[in-house]
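Structure assessment
Residues per chain are reported as follows:
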Amino acid sequence: MSNSTNTVDKVSKWYLDRRLFIQEYLEDRQKARTPNRGMSVATAGERPDSGEAMMSTGDTKNARIAMTTAWIYSDVQLLMAEISAAELQVFQIDGEQDKPVRNHPFELLWNKPNRFLGRTFIMQYLTAWMMLDGNGYWFLSPSKRNRSELVEIWPLDSSRMRAVKSETTFIDHYLYKLNDSTVIKFDPSFICHFMLPNMFDQTNGLSKLTASNIPMETDLYASRFQNAFYKTGSGVPRSVLSLDRDISERDFIAVEAKIQEDFVAGGKTIAIVRAGEFDVKTVGISQNDMQLILSRNFTKDEIDRVYLGVEYSTLKNAGAAQEADRLFREKGIYPIHRLIAESITLQIINRFYGKN
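This is a predicted model, so every value here is computed, not measured.

Details of the confidence of the model for the protein chain
Chain-level pLDDT for the protein chain is 76 on average; 66% of the residues reach the 70-or-more range. The low-confidence segment residues 29–37 (pLDDT under 50) makes 11 contacts with residues lying over four places distant or belonging to another chain. Low pLDDT (under 50) marks residues 42–58, which in the prediction has 42 contacts with non-local residues, meaning those over four places away or in another chain.

Here it is, written out as structure tokens:
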């Protein structure tokens, strides 16, 4: 109990300290009358300088649905594990060679990005949002005394963030909806924005859910049907119980009621018909129903191609495990690693530590 209380106290203290830091920074900014280089806060009834305080958050409906789809969940989890396993290292460009920089300040910071979250969690969190939203964001927390000194890295909820463009700059600022009454305005200098390429908007990444939406809906429908078939017995009867054709109507109704009471109450699905001698026959799944269930394998392949770049499970099941792993790393992992590495170089290393 004491550990839980200490954790809550620490988180609460961090939040209060952070809000105090923001307030102190705003007061300093007002006294000095200098441009905002960090963040500002707008509460209910107020608007930040951009006039866009009360923005709506990103739609998380499809992202939440995707996490209930086994194929998408497993693919995202696989990507999170693989991408976060990579080691981060800073290199100095020397002519045509890249020389590793030992104990670079960013590497040391990356060993402990902040007081509560480790680098593995932060990287997995980033990967998940890039797959589900097309965007990932880090808040680059500066020192209170030196705005050019990076002291912490905090992951942000992509569904709450929005980039705001202007006529003169690529991204003028970011808006982050903290809650229903508070929006924080971030200077781009303190945000590291990771995004998947989007041919329709260069400031907003294209989510892989865009391409996997139809197979996701197809799989959800098929899984619900399959669950209902095996759990409730809906659909084709599992058994047909045949009674004597000469049985009277009253006896037929009585026997039917008794059998229904004994079997249906236990989740069985049966059919009772008049026929010749007493007989019980098992009825299998119809061809159309079987095709619907088997189609989930094709849906999985489609989802694998979107997220992993290869029909990963099919190749594994076919005995080509090594080839599946090679293609997965080549088409699914390396491109994301390069995107993340280039974003860190341009938006963190060059910005806070000079060009490397």
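Alright, that's what it looks like, and here's the rest.
Examining the pattern of salt bridges
Inspection of the entire model under this criterion finds nine salt bridges. Ionic pairing is found between arginine 329 and glutamate 82, a salt bridge with its closest N-O pair at 3.8 Å. Of this pair, arginine 329 sits in helix H10 (residues 321–353) while glutamate 82 is found in helix H3 (residues 70–84), placing the two residues 247 residues apart along the sequence. Residue classification places arginine 329 among the partly exposed residues on the basis of a relative accessible area of 33%. Since its relative accessible area comes to 26%, glutamate 82 is described here as partly exposed. Ionic pairing is found between arginine 305 and glutamate 311, a salt bridge with its closest N-O pair at 2.4 Å.

Here's the deal with the environment of aspartate 304
Among the secondary structure elements, aspartate 304 is positioned in helix H8 (residues 287–307). For aspartate 304, a relative accessible area of 0% corresponds to the buried category. Note: C-alpha distance between aspartate 304 and glycine 332 (28 residues apart in sequence) is 9.8 Å. For aspartate 304, the contacting residues outside a window of four places in its chain are Asp75, Gly309, Val310, Glu311, Tyr312 and Ser313. Among the polar contacts listed, one links the side chain of aspartate 304 to the backbone nitrogen of serine 313, at a separation of 3.5 Å.

Considering the packing of aromatic side chains
The full count for this structure, using the stated rule, is 10 aromatic pairs. A ring pair is formed by tyrosine 137 and tyrosine 174, whose centres lie 5.9 Å apart and whose planes are at 75°; its orientation type is edge-to-face. Highlighted residues: tyrosine 137 in strand S4 (residues 135–142) and tyrosine 174 in strand S7 (residues 173–179), separated in sequence by 37 residues. Note on phenylalanine 139 and phenylalanine 186: the rings are 5.2 Å apart at their centroids and 45° apart in plane angle, and the pair reads as tilted. Taken together, the residues span a long stretch of sequence, with phenylalanine 139 in strand S4 and phenylalanine 186 in strand S8 (residues 182–186) at a distance of 47 residues. For the pair phenylalanine 139 and phenylalanine 186, a shared accessibility class is recorded, and that class is buried.

Cut-offs and rules
- Residues numbered from 1 in each chain as written.
- Predicted model: local features only at pLDDT ≥ 70, side-chain atom pairs only at ≥ 80, totals over all residues.
- Heavy atoms only, no water.
- pLDDT = per-residue confidence, 0-100.
- Contact = heavy atoms within 4.5 Å.
- Salt bridge = Lys/Arg side-chain N within 4 Å of Asp/Glu carboxyl O.
- Helix = DSSP H or I, 4+ residues; strand = E, 2+ residues; numbered from the N terminus.
- Buried < 20%, exposed > 50% of the residue type's maximum accessible area, 1.4 Å probe, protein only.
- Polar contact = N/O pair within 3.5 Å; in protein donor to acceptor, adjacent residues only side chain to side chain.
- Phe/Tyr/Trp six-rings, centres within 6.5 Å; stacked < 30°, edge-to-face > 60°.

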